[in-house]
Amino acid sequence: MSDKIKGLVSVLAPEPICDGCIVEKLGLTAPHQASHRTRALAGEAGFERADGRCATCGADKTVIWRNLR
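Conventions adopted
Residues numbered from 1 in each chain as written. Predicted model: local features only at pLDDT ≥ 70, side-chain atom pairs only at ≥ 80, totals over all residues. Heavy atoms only, no water. Helix = DSSP H or I, 4+ residues; strand = E, 2+ residues; numbered from the N terminus. Buried < 20%, exposed > 50% of the residue type's maximum accessible area, 1.4 Å probe, protein only. Pairing = 2+ DSSP bridges. Salt bridge = Lys/Arg side-chain N within 4 Å of Asp/Glu carboxyl O. Core = buried A, V, L, I, M, F, W, Y, C linked by side-chain atoms within 4.5 Å. Contact = heavy atoms within 4.5 Å. pLDDT = per-residue confidence, 0-100.

1. Section: the environment of histidine 36
And then number 1: Assignment of secondary structure puts histidine 36 in helix α3 (residues 31–41).
And then number 2: According to the relative accessible area criterion, histidine 36 is partly exposed, its value standing at 48%.
And then number 3: Along the sequence, histidine 36 and alanine 59 sit 23 residues apart, while their C-alpha atoms lie 20 Å from each other.

2. Concerning helix α2 (residues 19–26)
And then number 1: All of the buried residues along α2 are Asp19, Cys21, Ile22 and Val23.
And then number 2: Downstream of α2 by a residue or two, glycine 27 has a phi angle that is positive, lying close to 70°.

3. Comments concerning the sheet that holds strand β1 (residues 17–18)
And then number 1: Strand order in the open sheet formed by three strands is β1-β3-β2, and the pairing between neighbours is antiparallel. Of all strands in the sheet, those with a lone pairing partner are β1 and β2 (47–53), marking the two edges.

4. What to know about the pattern of salt bridges
And then number 1: If you walk through the whole model with that rule in mind, you get three salt bridges.
And then number 2: Aspartate 19 is the partner of arginine 49 in a salt bridge, and the nearest nitrogen-oxygen pair spans 2.8 Å. In this pair, arginine 49 sits in strand β2 while aspartate 19 sits in helix α2, placing the two residues 30 residues apart along the sequence.
And then number 3: Of the residues examined, aspartate 19 reaches a relative accessible area of 12% and is grouped as buried.
And then number 4: Across the salt bridge formed by aspartate 60 and arginine 53, the nearest N and O atoms sit 3.0 Å from each other.

5. With respect to the nonpolar core
And then number 1: If you look at the biggest cluster of nonpolar residues, it comprises 16 residues, and the most contacted ones within it are Ile5, Val9, Ile17, Ile22, Leu28, Cys54 and Ile64.
And then number 2: Those elements that place two or more of their residues in this core are α1 (2–12), β1, α2, α3 and β3 (60–66).
And then number 3: The residues contacting isoleucine 17, other than those within four sequence positions of it, are Leu8, Val9, Leu12, Ile22, Lys25, Cys54, Thr56, Val63 and Ile64.

6. A few points about the confidence of the model for the chain
And then number 1: In this model, the chain carries an average pLDDT of 93, and 100% of its residues clear a pLDDT of 70 or more.
And then number 2: Per-element confidence in the chain is highest for β1, whose mean pLDDT is 98, and lowest for α3, whose mean pLDDT is 92.

Here it is, written out as structure tokens:
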């Protein structure tokens, strides 16, 4: 599942996405599945997680994105 989340965030780069939209797009059963993995992914090079606006739903919440720089 971590690879699917990483892949989705990479495809959307540099646009940010929230955990709720990740759950919806990947058909996960619980929001904590995404939040746990996005927190871990944020520690990898190129991935950041912070408060911002989700490019998918437009809500202001914690989002993750991949920097292309």
